[in-house]
Amino acid sequence: MTNSNKVSKKKELSLEQREELLRALKARFEKNLNRHKGLEWAKVEAKLEANTEKLWSLNEMQRTCGEPDVVGYDKQKDEYIFYDCSAESPKGRRSVCYDREALESRKKHKPENNAIDMATAMGIELLTEEQYRAMQKFENFDLKTSSWVQTPSDIRELGGALFCDCRYGHVFVYHNGADSYYAARGFRGSLRV
């Protein structure tokens, strides 16, 4: 059974799960104020409580060790932006190839899942290269791991996919066959609420 099949079909959390998630998100929000200067937790919490399906997606990010946190606010759309802010690529989302086509193309040693399908099942999107670079301005992430990022279609059509990491104080963007997977490579997601 793949990770995406383990995800509940019902995208609702119990009251206890909601309270536990909100406590974790609030603690992370208060501990990392540099990621969301000028934003207030009470407003974020009110928005979350009004969007239970988004709360379910945040719980999936949390459950797979992504440590989601607010990284911005889009005034035009009145949406808070969450990214996975775990120090390393989320443990519950590693050893996956890029997408379903890559997974199906592997003849031997197939991984359990792929990043695109997992993100879709969770209700999130992979970070873009630009989002990944912006996230690194808060602090350095992926010092030992790497994370798949959204790949332009022209690269993907040729069989490749992009991933990023941070080494020597710099963000590096690399390419690999989309069907490759490594224990130290996962993916980071974004969610707007």
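Scoring rules and cut-offs
Residues numbered from 1 in each chain as written. Predicted model: local features only at pLDDT ≥ 70, side-chain atom pairs only at ≥ 80, totals over all residues. Heavy atoms only, no water. Buried < 20%, exposed > 50% of the residue type's maximum accessible area, 1.4 Å probe, protein only. Helix = DSSP H or I, 4+ residues; strand = E, 2+ residues; numbered from the N terminus. Pairing = 2+ DSSP bridges. Core = buried A, V, L, I, M, F, W, Y, C linked by side-chain atoms within 4.5 Å. Contact = heavy atoms within 4.5 Å. Axes fitted to C-alpha atoms, helices over the stretch in contact; angles between N-to-C directions. Parallel < 35°, antiparallel > 145°, perpendicular 65-115°, else oblique. Left-handed = near helix turned anticlockwise from the far one by under 90°. Nonpolar A, V, L, I, M, F, W, Y, C, P; charged D, E, K, R; others polar. Expected span 1.5 Å × (residues − 1). Arc of directions from axis to C-beta. pLDDT = per-residue confidence, 0-100. Polar contact = N/O pair within 3.5 Å; in protein donor to acceptor, adjacent residues only side chain to side chain.

*Asks:* Teacher, can you tell me more about the pairing of strand S1 (residues 68-74) here?
*Replies:* Consecutive side chains of a regular strand alternate in pointing toward one face of the sheet and then the other. For S1, the buried fraction is high: six of the seven residues fall into the buried class. Bridging between S1 and strand S2 (residues 79-84) involves six bridges; their strand directions are antiparallel. Bridging from a neighbouring strand, Asp69 pairs with Tyr83 of S2. Between the end of S1 and the start of S2, which pair antiparallel, lie four residues, with Asp78 showing a positive phi angle near 55°.

*Asks:* Can you walk me through the nonpolar core in this structure?
*Replies:* Nonpolar side chains in soluble globular proteins generally cluster together in the buried interior. Counting residues in each nonpolar core, the largest one holds 33 residues, and the members touching the most others are Val44, Leu48, Leu58, Phe82, Trp148 and Phe187. Sorting the residues of this core by element identifies helix H2 (15-31), helix H3 (41-49), helix H4 (52-63), S2, helix H5 (100-105), helix H6 (115-122) and strand S5 (160-167) as the ones contributing at least two each. In contact with Leu48, not counting residues within four places along its chain, are Leu22, Leu25, Trp41, Leu55, Leu58, Phe82 and Val193. In terms of nonpolar packing, the next biggest core, distinct from the first, is built from 12 residues, Ile81, Cys85, Leu127 and Phe141 among them.

*Asks:* Before we go on, may I ask you to explain the packing of H2 against H4 in this structure?
*Replies:* The packing of two helices is summarised by the inter-axis angle and the distance between the axes. Their axes nearest at 10 Å, the elements H2 and H4 cross at an angle of 70°. Considered as vectors, H2 and H4 are oriented roughly perpendicular to each other. As H2 runs across H4, the sense of the crossing is left-handed. Residues Arg18, Leu21, Leu22, Ala24, Leu25 and Arg28 of H2 touch H4, and the partners they reach there are Leu55, Leu58, Asn59 and Gln62. Residues of the contact of H2 with H4, tallied by class, amount to six nonpolar, two polar and two charged.

*Asks:* Explain H2 here, please?
*Replies:* Owing to its 3.6 residues per turn, the α-helix aligns residues three or four sequence positions apart on the same side. When the terminal C-alpha atoms of H2 are compared, their 24 Å separation across 17 residues agrees well with the 24 Å that a helix rising 1.5 Å per residue should span. Of the residues making up H2, those classed as buried are Leu21, Leu22, Leu25, Arg28 and Phe29. Around the axis of H2, the buried residues are gathered within 130° of arc, so they sit on the same side. Residues of H2 that are exposed and point more than 90 degrees away from the buried face comprise Leu15, Glu16, Glu20, Arg23 and Lys31. Considering only its buried residues, H2 is in contact with H3, H4 and S1.

*Asks:* Sorry if this is basic, but what is going on with the confidence of the model for the protein chain here?
*Replies:* In regions of low pLDDT, the predicted coordinates are not meant to be interpreted in detail. Predicted confidence across the protein chain gives a mean pLDDT of 93, with 95% of residues reaching 70 or more. Across residues 1-8 the pLDDT falls below 50, and counting only partners more than four positions away or on other chains, this stretch makes 15 contacts in the model.

*Asks:* What am I meant to see in the sheet that holds S2 here?
*Replies:* Within a beta sheet, neighbouring strands are joined by backbone hydrogen bonds and run either parallel or antiparallel to one another. Judged by pairing direction, the sheet is antiparallel, and its four strands sit side by side in the order S1-S2-S8-S3 without closing on themselves. Both edges of this open sheet fall to S1 and strand S3 (125-126), since each of them pairs with a single strand only. Sheet strands touched by H3: S1 and S2. Its angle to S2, the strand with the most contacts, is close to 90°.

*Asks:* Quick question: what am I supposed to make of the side chain of Arg35 here?
*Replies:* Within the secondary structure, Arg35 sits in the loop between H2 and H3. Judged by its relative accessible area of 5%, Arg35 is buried. At a separation of 3.2 Å, a polar atom in the side chain of Arg35 contacts the side chain of Glu139. Apart from the residues lying within four places of it in its own chain, the contact partners of Arg35 are Arg28, Asp69, Val70, Val71, Gly72, Cys85, Phe138, Glu139 and Phe141.

*Asks:* Help me understand the sheet that holds strand S7 (residues 185-187) in this model?
*Replies:* Reading across from one edge, S6-S5-S4-S7 is the order of the four strands in this open sheet, with mixed pairing throughout. One side of each edge strand has no neighbouring strand; the edge strands of this open sheet are strand S6 (170-177) and S7. Within the sheet, the average angular offset between the axes of one strand and its neighbour, ignoring direction, is 35°. In terms of strand pairing, S5 meets S6 through eight bridges, oriented antiparallel. Residue Asp165 lies in a different strand from S6, and its bridge partner there is Phe172.

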